[in-house]
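Listed here are the chains, written in short residue letters.
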Amino acid sequence: MRLPVIKPDAMTERQQEISARIAGRRGAVRGPFQVWIQSPELCEKVEALGAFCRFESSLPLRLRELSLLIAARHADAQYSWNAHVAKAIEEGIPVAAIEAIAERREPSFDNPADDAFYQFCQELLADNFVSDETFERARQYFGPQGLVDTVGALGNFTMLGMLLNAFQVDLQAGAEPPFPDIRGYERVSDGH
């Protein structure tokens, strides 16, 4: 990681307060939160948005996890991918679809709602826009709130990927990279 981890005894009172809240909700202050805590006010707001996107959104859990993987692959954020791929599989996202996303191939979904969701996310990330056809198809499955929650999740998880990459937040110990073509992978994987 490009920034040193702030030890609890070196934290400001505000950093300690936010760290305690994060640890209470997430079990520990790790990964990206070790960076975000450098800016405690931003950390507090980002953590709240991330908690909403992951735990409270109107989207089914499988699609919250899928949006995380789509954004992680879009940003080449291996830490995020590795932290969530097992959960996505556990929630019913087909392994073959996950492998296709990792390999930048078009995934195939048996569930038409999952396919509509993927197409919406992919168009938005790739083109910064969504076609009328893709928008209407996704709206029929997820409604206005679901689409707003989807865009919020993609924005949050893309920001997460940017942070992980900019600050070279390391892969989890022993985790294999799912996509070795990522720029800078060698630098991150060998601990530099």
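Residues numbered from 1 in each chain as written. Predicted model: local features only at pLDDT ≥ 70, side-chain atom pairs only at ≥ 80, totals over all residues. Heavy atoms only, no water.

Novice: What is the right way to look at the overall build of the protein chain in this model?
Specialist: Across its full length, the protein chain holds nine helices and zero strands. Start at the N end of the protein chain and walk to the C end: the helices and strands fall as α-α-α-α-α-α-α-α-α. Out of the 192 residues belonging to the protein chain, those deemed buried represent 46%. Restricting the contact set of the protein chain to residue pairs at least 6 apart, pairs at least 24 apart contribute 63%. Summing over all exposed atoms, the protein chain offers an accessible surface of approximately 9800 Å²; the carbon and sulfur share of this is 55%. (Helix = DSSP H or I, 4+ residues; strand = E, 2+ residues; numbered from the N terminus. Buried < 20%, exposed > 50% of the residue type's maximum accessible area, 1.4 Å probe, protein only. Contact = heavy atoms within 4.5 Å. Areas by Shrake-Rupley, 256 points an atom, 1.4 Å probe, with all protein chains shown as cover.)

Novice: Explain unusual backbone geometry here, please?
Specialist: Outside of glycine, negative phi angles account for most residues, and trans bonds account for most peptide bonds. Its identity is not glycine, yet Arg104 carries a phi of approximately 60°, on the positive side. Within the fold, Arg104 resides in the loop between helix H6 (95-102) and helix H7 (112-127). The exposure class assigned to Arg104 is partly exposed, which follows from its relative accessible area of 47%. For Asn128, which is not glycine, the phi dihedral falls at a positive 70°.

Novice: Help me understand a nonpolar patch on the surface in this model?
Specialist: On the surface, Leu49, Phe52 and Met159 cluster together to form a nonpolar patch covering roughly 210 Å² of accessible area. Relative to the assigned elements, Met159 resides in helix H8 (residues 132-166). A residue is classified by how much of its surface remains accessible, and Met159, at 30% relative accessible area, is partly exposed. (Patch = residues over 30% accessible without salt bridge, like charges linked within 9 Å, V, L, I, M, F, W, Y side chains within 5 Å. Salt bridge = Lys/Arg side-chain N within 4 Å of Asp/Glu carboxyl O.)

Novice: Can you help me understand the packing of aromatic side chains in this one?
Specialist: For any two aromatic rings, the description comes down to two numbers: the centre-to-centre distance and the angle of the planes. Summed over all chains, the structure comprises five aromatic pairs. Between the aromatic rings of Tyr141 and Phe142, the centroid separation amounts to 6.0 Å while the plane-to-plane angle is 45°, which identifies the pairing as tilted. Of the residues examined, Tyr141 reaches a relative accessible area of 41% and is grouped as partly exposed. Residue class for Phe142 comes out buried when judged on its relative accessible area of 16%. Pairwise contacts between aromatic rings join Phe117, Tyr141 and Phe142 into one cluster. (Phe/Tyr/Trp six-rings, centres within 6.5 Å; stacked < 30°, edge-to-face > 60°.)

Novice: Can you help me understand the environment of Gly161 in this one?
Specialist: Secondary-structure assignment places Gly161 in helix H8. A residue is classified by how much of its surface remains accessible, and Gly161, at 1% relative accessible area, is buried. Spatially, the C-alpha atom of Gly161 lies 9.3 Å from that of Trp81, the residues being 80 residues apart in sequence. Each residue touching Gly161, except ones within four places of it in the same chain, is listed here: Ala75 and Ala77.

Novice: Is there a simple way to think about the pattern of salt bridges in this case?
Specialist: Note on pairing: side chains with opposite charge can pair once their charged atoms come close. Overall, the coordinates contain 15 salt bridges when judged by the stated rule. Of the charged contacts in the structure, one is a salt bridge between Glu44 and Arg21, with a shortest N-O distance of 2.6 Å. On the criterion of sequence distance, the pair formed by Glu44 in helix H3 (residues 40-56) and Arg21 in helix H1 (residues 13-26) is long-range, its members being 23 residues apart. Residue classification places Arg21 among the partly exposed residues on the basis of a relative accessible area of 37%.

Novice: Where do I start with the side chain of Thr134 in this structure?
Specialist: Within the secondary structure layout, Thr134 lies in helix H8. Residue class for Thr134 comes out buried when judged on its relative accessible area of 11%. At a separation of 2.9 Å, a polar atom in the side chain of Thr134 contacts the side chain of Ser131. The residues contacting Thr134, other than those within four sequence positions of it, are Gln119, Phe120 and Glu123. (Polar contact = N/O pair within 3.5 Å; in protein donor to acceptor, adjacent residues only side chain to side chain.)

Novice: Could you clarify how one ought to interpret H6 in this entry?
Specialist: Spacing of three or four residues puts side chains on the same side of an α-helix, whose turn is 3.6 residues. For H6, every residue scored as buried is listed here: Ala97, Ile98, Ala100, Ile101 and Ala102. Turning to H6, the residues buried within the fold contact helix H4 (61-74), helix H5 (78-90) and H7.

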